[in-house]
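# Inside the fold
The lines below spell out each chain.
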Amino acid sequence: MEGEALSGAQLIAQALRDQNIEYMFGIVGIPVTEIAIAAQAAGIKYVGMRNEQAACYAASAVGYLTGRPGVCLVVSGPGFLHALGGMANATINCWPLIVIGGSSDRNQETMGAFQEFPQVEAGRLYNKLSVRPSSVEVIPAVIEKAVRTSIYGRPGSCYIDIPGDFVNLQVNKSSVKYVECCLPPPISMAEHSAVSKAASILALSKQPLLIIGKGAAYSHAENNIRKLVDLCGLPFLPTPMAKGVVPDNHPNCVAAARSMALQHADVIILFGARLNWILHFGLPPRFRQDVKVIQIDICAEELGNNVKPAAILLGDINAVTKQGLALQKSLPMNYYTVFHHIREMIPKDCILVSEGANTMDIGRTMLPNYYPRQRLDAGTFGTMGVGLGFAIAAAMVAKDRAPGKQVVCIEGDSAFGFSGMEVETICRYNLPILIIIVNNNGIYTGLDANSWKEMLKLGNPATCVPPVSLLPNSHYEEIMSAFGGKGYFVKTPEELRNALKASVTDKQTPSLINVMIDPQSDRKKQEFPWLTRSNL
């Protein structure tokens, strides 16, 4: 109705409800009791607490759990002061919170009014916004701004000061400045160039570590972060309130070896985590002197704190993670990514055959055996070319003594070349062998297709092409297809997982998965390279 009157308390309650506020915690008293009553009438759940600090903590926890701020309602003076700890905690934790405090009547200011205290001024140190409405009519607009400020950008606490005389003051409904519910926080994404730079740094790392902060939990980034961890085989360390973003029992969780993981990581990726005291400020001796830090945060001012980052990605954690996930799928894999997926998907009781320089060496570390006499590789004499012969022998013995057991033969592209035609033998006898070629276009390292073309422009390949190079992107899988087996040419982790799943499921048909990796992919630097001391 045009002439309908509302009290300040009713207006506050309705404005909060219009902003989708569901919970209020506090202690009633002069002058805020009516606000609590009006809040309940408006459908807001009110929880009467016994201490303002605890009430403020509760309201801020609602903000973290729901993404919409809870409200803490306090009386003037001491009540407001007791809530300061909760305001500070919310702002430092980056949790949205609205604190509504009663204060002295306007006509008694500076007169020594009951519990008079400069609350707006005191609140500025602990809040993103500390404000007193200029009139009852603008209360909805002030509340909308406080809610919006609390959830936009880096979340935090906002304080609204309500003079005692506003609470029961009647105003005409038509004179109120109504404001619609604020929109959800805008989702910002990082610059594409920054994401590409971060992905390149990650691809070249030998010992990366993903540190997951509570900012990742707040942004509901768990699905995309889990996909990234699985896709890239990334070890991760959760900060205390980020535990569960990726389950603690995930095989890549390094929480049990926290100090070692921090000290040895060459690249740290911060997902909504800050290099504060909890993470030893990102400094030695807890971290390597030369560690490269990739920071992902919604707050620009946080980027570069304590450590100069190698890459900065400003944006919403979930959105930026999705960007990185899309880019990682298009980047060439390395040995460690490939072996991570192989380890996850091949049967634990399979017989492993392995040969090739980096392929065999890295596989010895990353591909565990659970039973004796189920690993065959180059052995004491270091012979290359033994792989397919060993695999055929193992498959023949397994057929007689352990029917159903699969043989998985993992080879470098160079090692495969020694005895590749034995694929015909495998198909002729229909042996349950899965061959996985980790193909880097060379011996130790190779060239990509563009570099190969540039080399050929220089003249005769016999004089121009590096001796370690093999023909780029050779389709070895077609040899298997030619003899009736199944061949797969894969370039992405997703394609690799699909090919592994199909090959492991169909044990009756010989398979060959030709996995293309970064031609410059190499093993981790060896501390004592007494045998592999070549500079290539």
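Refer to the structure printed above.
So, here's what we can say about the structure. (Residues numbered from 1 in each chain as written. Predicted model: local features only at pLDDT ≥ 70, side-chain atom pairs only at ≥ 80, totals over all residues. Heavy atoms only, no water.)

### A look at empty space enclosed by the protein
On inspection of all chains with the given rule, the structure shows 2 cavities of 30 Å³ or more. Estimates place the volume of the largest cavity at around 170 Å³. Taken together, 16 residues make up the lining of the largest cavity; nearest its centre are A198, L202, L228, F271 and G324. The set of elements that each furnish at least two residues to the lining of the largest cavity consists of helix 8 (192-204), strand 11 (267-271), strand 12 (292-297) and helix 12 (317-330). Its residues placed into classes, the lining of the largest cavity shows 13 nonpolar, 3 polar and no charged. The volume enclosed by the second largest cavity comes to roughly 40 Å³. In terms of lining residues, the second largest cavity is bounded by N20, I21, E22, Y23, V62, T66, R68, P69 and G70. Class assignment for the residues of the lining of the second largest cavity results in 4 nonpolar, 3 polar and 2 charged. (1 Å grid on protein atoms, 1.4 Å probe; cavity = no way out; pocket = protein on both sides within 12 Å on 5 of 7 lines; lining within 4 Å. Points joined across faces, edges and corners; volume = space filled by probe spheres on them. Helix = DSSP H or I, 4+ residues; strand = E, 2+ residues; numbered from the N terminus. Nonpolar A, V, L, I, M, F, W, Y, C, P; charged D, E, K, R; others polar.)

### Focus on the sheet that holds strand 11
Strand order in the open sheet formed by 5 strands is 10-9-11-12-13, and the pairing between neighbours is parallel. This sheet does not close on itself; its edge strands, each paired only once, are strand 10 (236-238) and strand 13 (311-314). Between one strand axis and the next, the sheet turns through 15° on average, direction left out of account. As judged from the 4 bridges shared by strand 12 and strand 13, these two strands associate in the parallel manner. Bridge assignment links Q295 to a residue of strand 13, and that residue is I312. Strand contacts of helix 10 (residues 222-232): strand 9 (208-212), strand 10 and strand 11, with the helix running at about 165° to strand 9, the strand carrying the most contacts. (Pairing = 2+ DSSP bridges. Axes fitted to C-alpha atoms, helices over the stretch in contact; angles between N-to-C directions. Contact = heavy atoms within 4.5 Å.)

### Considering helix 21 (residues 493-505)
Between its first and last C-alpha, helix 21 extends 18 Å over 13 residues, near the 18 Å set by a 1.5 Å rise per residue. All buried positions along helix 21 are accounted for by P493, L496, A499, L500, S503 and V504. Around the axis of helix 21, the buried residues are gathered within 125° of arc, so they sit on the same side. In helix 21, those exposed residues whose orientation departs by more than 90 degrees from the buried face are N498, K501 and T505. Residues of helix 21 that are buried sit in contact with helix 10, helix 13 (335-345), strand 17 (433-439), strand 20 (486-490) and strand 21 (511-516). (Expected span 1.5 Å × (residues − 1). Buried < 20%, exposed > 50% of the residue type's maximum accessible area, 1.4 Å probe, protein only. Arc of directions from axis to C-beta.)

### Concerning the nonpolar core
Of all hydrophobic cores here, the largest spans 74 residues; its most connected members are L16, I100, I212, I225 and L313. Setting aside anything within four residues of it in sequence, one finds I212 in contact with I225, F236, L237, P238, T239, A242, V245, V246, F271 and A273. Judged by nonpolar contacts, the second largest core, of 25 residues, contains I342, I346, L500 and V515. (Core = buried A, V, L, I, M, F, W, Y, C linked by side-chain atoms within 4.5 Å.)

### Examining the pattern of salt bridges
Across all of its chains, the model carries 16 salt bridges by this definition. In this structure, D165 and R106 form a salt bridge, with 2.7 Å as the shortest nitrogen-oxygen distance. Of the two residues, D165 sits in helix 7 (residues 164-167) while R106 sits in the loop between strand 5 (97-103) and helix 5 (119-123), which places them 59 residues apart along the sequence. Relative accessible area serves as the criterion here: at 24%, D165 is assigned to the partly exposed category. The exposure class assigned to R106 is partly exposed, which follows from its relative accessible area of 39%. In this structure, D506 and K486 form a salt bridge, with 3.4 Å as the shortest nitrogen-oxygen distance. Remark: K486 occurs in strand 20 and D506 occurs in the loop between helix 21 and strand 21; sequence separation between them is 20 residues. Taking the relative accessible area as the measure of exposure, D506 reaches 23% and is therefore partly exposed. Taken together, the salt bridges that share partners define one network made up of E109, R132 and D161. (Salt bridge = Lys/Arg side-chain N within 4 Å of Asp/Glu carboxyl O.)

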